[in-house]
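Coordinate inspection notes
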Amino acid sequence: MRRIIYDGDSFYELDEECMRQKEETERRKETKEKGNKRERGQKRENRK
């Protein structure tokens, strides 16, 4: 589904499916980065 946004004399067309996929990809990337930080912290604790 597409959404049209009017901004004064300009307009933009958004593809909602594309935006949903992009948001999901970004969430996965953030989750992966958080997981990597946790793993590094656990490895340091194991060294003590």
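Structure: above.
Residues numbered from 1 in each chain as written. Predicted model: local features only at pLDDT ≥ 70, side-chain atom pairs only at ≥ 80, totals over all residues. Heavy atoms only, no water.

Let us now look at the packing of aromatic side chains. In the structure shown here, the tally under the stated rule is 1 aromatic pair. Ring centres of Tyr6 and Phe11 lie 6.2 Å apart, and the angle between their planes is 45°; on these two criteria the pair is classed as tilted. Relative accessible area serves as the criterion here: at 54%, Phe11 is assigned to the exposed category. (Phe/Tyr/Trp six-rings, centres within 6.5 Å; stacked < 30°, edge-to-face > 60°. Buried < 20%, exposed > 50% of the residue type's maximum accessible area, 1.4 Å probe, protein only.)

Per the stated rule, a full pass over the model turns up 6 salt bridges. Taking the shortest distance from any N to any O, the salt bridge between Arg20 and Glu24 comes out at 3.2 Å. Separated by 4 residues within a single helix, Arg20 and Glu24 lie in helix H1 (residues 16–47), roughly one turn from each other. Its relative accessible area of 40% is what places Arg20 among the partly exposed residues. In the salt-bridge network here, residues are joined through shared partners; they are Glu17, Arg20, Glu24 and Arg28. (Salt bridge = Lys/Arg side-chain N within 4 Å of Asp/Glu carboxyl O. Helix = DSSP H or I, 4+ residues; strand = E, 2+ residues; numbered from the N terminus.)

Looking now at the pairing of strand E1 (residues 2–7). Relative to strand E2 (residues 10–15), E1 is paired through 6 bridges, and the arrangement is antiparallel. For Arg3, the partnering residue across the bridge sits in E2 and is Leu14. (Pairing = 2+ DSSP bridges.)

On the surface, a nonpolar cluster with roughly 390 Å² of combined accessible area is contributed by Ile4, Tyr6 and Phe11. The residue Phe11 is located in strand E2 in this model. (Patch = residues over 30% accessible without salt bridge, like charges linked within 9 Å, V, L, I, M, F, W, Y side chains within 5 Å. Areas by Shrake-Rupley, 256 points an atom, 1.4 Å probe, with all protein chains shown as cover.)

Let us look at the environment of Arg3. Locating Arg3 in the fold gives a position in strand E1. Considered as a pair, Arg3 and Glu16 are 13 residues apart in the sequence and their alpha carbons are 7.0 Å apart. What Arg3 contacts, discounting residues up to four positions off in sequence, is Tyr12, Glu13, Leu14 and Glu16. (Contact = heavy atoms within 4.5 Å.)

Residue placement: Arg2 occurs in strand E1. It is 5.8 Å that separates the C-alpha atoms of Arg2 and Glu16, two residues lying 14 residues apart in sequence. Beyond its immediate chain neighbours, meaning those up to four positions away, Arg2 contacts Glu13, Leu14 and Asp15.

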